[in-house]
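Notes for the structure review
The residues making up each chain are set out below.
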Amino acid sequence: MASSAAGSSPKQPNTYQAKDFGARGDGTTLDTQAIQAAIDAAAKTQGTVIFDGGVYLTGSLFLKNGVTFQVDQGVRLQGSQNIEDYPLLPTRAAGIEMTWPAALINVYKEQNVKLTGDGIIDGNGKVFWDSYWNLRRQYDPKGIRWAADYDCRRPRLIQFFEAQNVRLENLSLYRAGFWTVHICYSQDVTVYNVIIRNNEGGRGPSTDGIDIDSSRQVLVEKADITCNDDALCMKAGRDSDGLRVSRPTEDVVIRDCIIRDAAAGVTFGSETSGGFRNVKVSGIKVYHPTPVGILFKSAQTRGGSISGIEISDVFMQDVPVVMRVNLNWYPAYSYAKIPEGIKDYPGYWKTLSTPVPKERGIPQLSDVYVHDVQAVGAKTAFEISAYPEKPLKNFRFERLHLDAWAAGSIANAEDFSFKDVTILSLDGKPVDLKQSKNVRGL
């Protein structure tokens, strides 16, 4: 492996110094073509791309089979603020297949790629955050708030798409224009020891931390996350398009992560159409001001089956809601309806607004095991509900110690069991059970 000392020239074989291909690293010259040339050269020998210290301004980069991309301490890759520097590609964006700008760093239909180093990848995303809010101010009064996330095309920081055997490690990831790490239609992916800091210079909308989307055999370990949306999130497609694709997220392990600020600590959804199975989450710490620790969210048009979920060894400090299940989440976003007065619109609006029969649209959650959870300073322990026609089934809770203002409520539950669960609520009232049967031990 090449030396990480800034300013040194590589002597090792199969190392490709970006400056040797014309990269300037001065923070003002657009270095995209030079860095891509280094990547392409490295791909011929399964080599390593390295950088001298500096700030490298760049648009989308595409890592190739067998390449190690090494961003060492003292090196910052900084994303261009010109959307034209992110070429449009067929992909999945927020649950539907569509054309969308490439990410800053892409592993697109490639395999055996390693992205490593102690340096920084900075999306410099505020210009894209601002463009989103500007569009929302136009769209919300028209009743098309749901379209804003799709019409405002913002680049993700890192995407693995139809990729295999990829490792992302040790890097610090800053200010994503949209999602930070998006793992989509991929398998055998490891994300290890990354730091995500998206709330620098503002709070960007939809700056999710790590999204695992219709992918399998994924390990996320030792992530330290500050963002402004879901920190660790399972996704599997939205509504009619997600049901058409029907690819689950499965065989996922998430462990030993810290959530310092986010919309939720661990999230399943809202894109549930392909379903989730065999997901194990453990060793998670979630801190204020994150409002929800464990979140399942979906809608009555999403569908999908969620089962085989184990969540354990979780600590929450001053997180208002310990666990929430909301299957009618954010209707203004979740349910796309094109107003009659709008006749000229993109094709993906029709995809988003395609009706889903209710019998297919209500997701099914079952076989969820939550154990060894401690929460201090919560407001509500449980906010859990579903639909009477598809109740939540076979949830098991063991060894929970929850210090909360109120125990909260559980509705539409069937075959729930509680063992060694302590809820220290200020009002002393138990959990309010509604439309539920065979709830034991509470």
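Residues numbered from 1 in each chain as written. Predicted model: local features only at pLDDT ≥ 70, side-chain atom pairs only at ≥ 80, totals over all residues. Heavy atoms only, no water.

1. Here we look at the overall build of the chain
Regarding its fold elements, the chain presents seven helices and 33 strands. Expressed along its principal axes, the backbone C-alpha trace of the chain runs to roughly 70 × 55 × 35 Å. Counting the 442 residues in the chain, one finds 58% classified as buried. Contacts in the chain between residues far apart in sequence, at least 24 positions, make up 73% of those at least 6 positions apart. Summed over all atoms, the accessible surface of the chain reaches about 16,800 Å², with 46% contributed by carbon and sulfur. (Helix = DSSP H or I, 4+ residues; strand = E, 2+ residues; numbered from the N terminus. Buried < 20%, exposed > 50% of the residue type's maximum accessible area, 1.4 Å probe, protein only. Contact = heavy atoms within 4.5 Å. Areas by Shrake-Rupley, 256 points an atom, 1.4 Å probe, with all protein chains shown as cover.)

2. Some thoughts on the pairing of strand β25 (residues 276-287)
Where strand β23 (residues 249-261) lies against β25, nine bridges are found, and the strand directions are parallel. Bridged to glutamate 250 within β25 is arginine 277. As paired strands, β25 and strand β27 (residues 305-317) are joined by ten bridges and run parallel to one another. If you follow valine 286 over to β27, its bridge partner there is methionine 316. (Pairing = 2+ DSSP bridges.)

3. Quick look at the packing of aromatic side chains
By convention here, two paired aromatic rings are described through the distance between centres and the angle between planes. What the rule picks out here adds up to 23 aromatic pairs. For the ring pair tryptophan 146 and tryptophan 349, a centre distance of 5.1 Å and an interplane angle of 65° mean the geometry is edge-to-face. Of this pair, tryptophan 146 sits in the loop between α2 (126-139) and α3 (148-151) while tryptophan 349 sits in helix α6 (residues 347-353), and the two are 203 residues apart along the sequence. In terms of burial, tryptophan 146 and tryptophan 349 fall into one category: buried. Three or more aromatic residues link up through ring pairs in this structure, and these residues are Phe382, Phe395, Phe397, Phe416 and Phe418. The ring of tyrosine 132 has arginine 154 sitting right over it, with the charged end atom 4.6 Å from the ring centre. Here arginine 238 stacks its cationic end above the ring of tyrosine 333, 4.8 Å away from the centre of that ring. (Phe/Tyr/Trp six-rings, centres within 6.5 Å; stacked < 30°, edge-to-face > 60°. Lys NZ or Arg CZ within 6 Å of the ring centre and 35° of its normal.)

4. Overview of the nonpolar core
One finds Phe69, Ile210, Phe296, Met323 and Phe382 to be the most contacted residues of the largest nonpolar core, which totals 101 residues. No other element matches strand β29 (residues 364-384), which puts nine residues into this core. Those residues within four positions of phenylalanine 382 in sequence are excluded, and the remaining contacts are Met323, Phe397, Leu400, Leu402, Ala407, Gly408, Ser409, Ile410, Phe418, Ile423 and Val431. Counting residues in hydrophobic clusters, the runner-up holds 22 residues, among them Met98, Ile338, Trp349 and Leu352. (Core = buried A, V, L, I, M, F, W, Y, C linked by side-chain atoms within 4.5 Å.)

5. Some words on the state of the cysteines
Applying the stated criterion to the full structure yields zero disulfides. Here cysteine 227 stays free of any disulfide, with the sulfur of cysteine 233 as its closest cysteine sulfur at 9.8 Å. Unpaired in this structure, cysteine 257 has its nearest cysteine sulfur neighbour in cysteine 227, at a distance of 12 Å. (Disulfide = S-S within 2.5 Å.)

6. Regarding unusual backbone geometry
Peptide bonds are trans in most cases, and residues, glycine excluded, mostly fall at negative phi. Geometrically, the link from glycine 269 to serine 270 is a cis peptide bond, its omega value of 5° lying close to zero. In the segment running from histidine 288 into proline 289, the intervening peptide bond is cis, with an omega of 15°. Mapped onto the fold, proline 289 is located in the loop between β25 and β26 (292-297). Positive phi, close to 60°, is recorded for asparagine 165, a residue that is not glycine. Its relative accessible area of 42% is what places asparagine 165 among the partly exposed residues.

7. Overview of the pattern of salt bridges
Summed over all chains, the structure comprises 31 salt bridges. Salt-bridge contacts for aspartate 122 lead to arginine 175; the nearest nitrogen and oxygen are separated by 2.7 Å. Taken together, the residues span a long stretch of sequence, with aspartate 122 in strand β12 (residues 120-122) and arginine 175 in the loop between β15 (172-174) and β16 (181-184) at a distance of 53 residues. Exposure remark for aspartate 122: the relative accessible area of 0% places this residue in the buried category. Note that aspartate 224 is salt-bridged to arginine 260, the shortest N-O span being 2.8 Å. Separated by 36 residues along the polypeptide, aspartate 224 in strand β21 (residues 224-226) and arginine 260 in strand β23 bring together distant segments of the chain. Residue classification places aspartate 224 among the buried positions, given a relative accessible area of 14%. Where salt bridges share partners, they join Arg216, Glu250, Asp251 and Arg277 into one cluster. (Salt bridge = Lys/Arg side-chain N within 4 Å of Asp/Glu carboxyl O.)

8. Considerations on the environment of isoleucine 96
Among the secondary structure elements, isoleucine 96 is positioned in strand β9 (residues 96-101). Its relative accessible area of 1% is what places isoleucine 96 among the buried residues. Counting along the chain gives 52 residues from isoleucine 96 to alanine 148, while the straight-line C-alpha distance between them is 14 Å. Excluding its chain neighbours within four sequence positions, the residues that come into contact with isoleucine 96 are Thr91, Tyr150, Arg238, Asp241, Tyr348 and Leu352.

9. Quick look at the pairing of β23
Examined bridge by bridge, strand β20 (residues 216-221) and β23 share five bridges and lie parallel to one another. In the sheet register, valine 218 faces β23, and the bridge partner there is valine 252. In this sheet, β23 lies alongside β21 in parallel orientation, the contact comprising three bridges. From the neighbouring strand, aspartate 224 faces β23, where its bridge partner is isoleucine 258.

10. Quick look at the confidence of the model for the chain
Looking at the chain as a whole, its pLDDT mean stands at 96, while 98% of the residues score no less than 70. Taken element by element, the predicted model of the chain shows its lowest mean pLDDT in helix α7 (residues 358-361) (94) and its highest in strand β5 (residues 61-62) (99). Between residues 1-11, whose pLDDT stays under 50, and residues either more than four places distant or in other chains, the model counts 20 contacts. (pLDDT = per-residue confidence, 0-100.)

11. A look at the side chain of aspartate 211
Inspection of the secondary structure puts aspartate 211 in strand β19 (residues 210-213). Nearest to the buried, unbridged aspartate 211 among oppositely charged side chains is lysine 235, at 4.2 Å. Beyond its immediate sequence surroundings of up to four residues, aspartate 211 is in contact with Trp179, Val181, His182, Ile183, Cys233 and Lys235. (Lys, Arg positive; Asp, Glu negative; His and termini not counted.)

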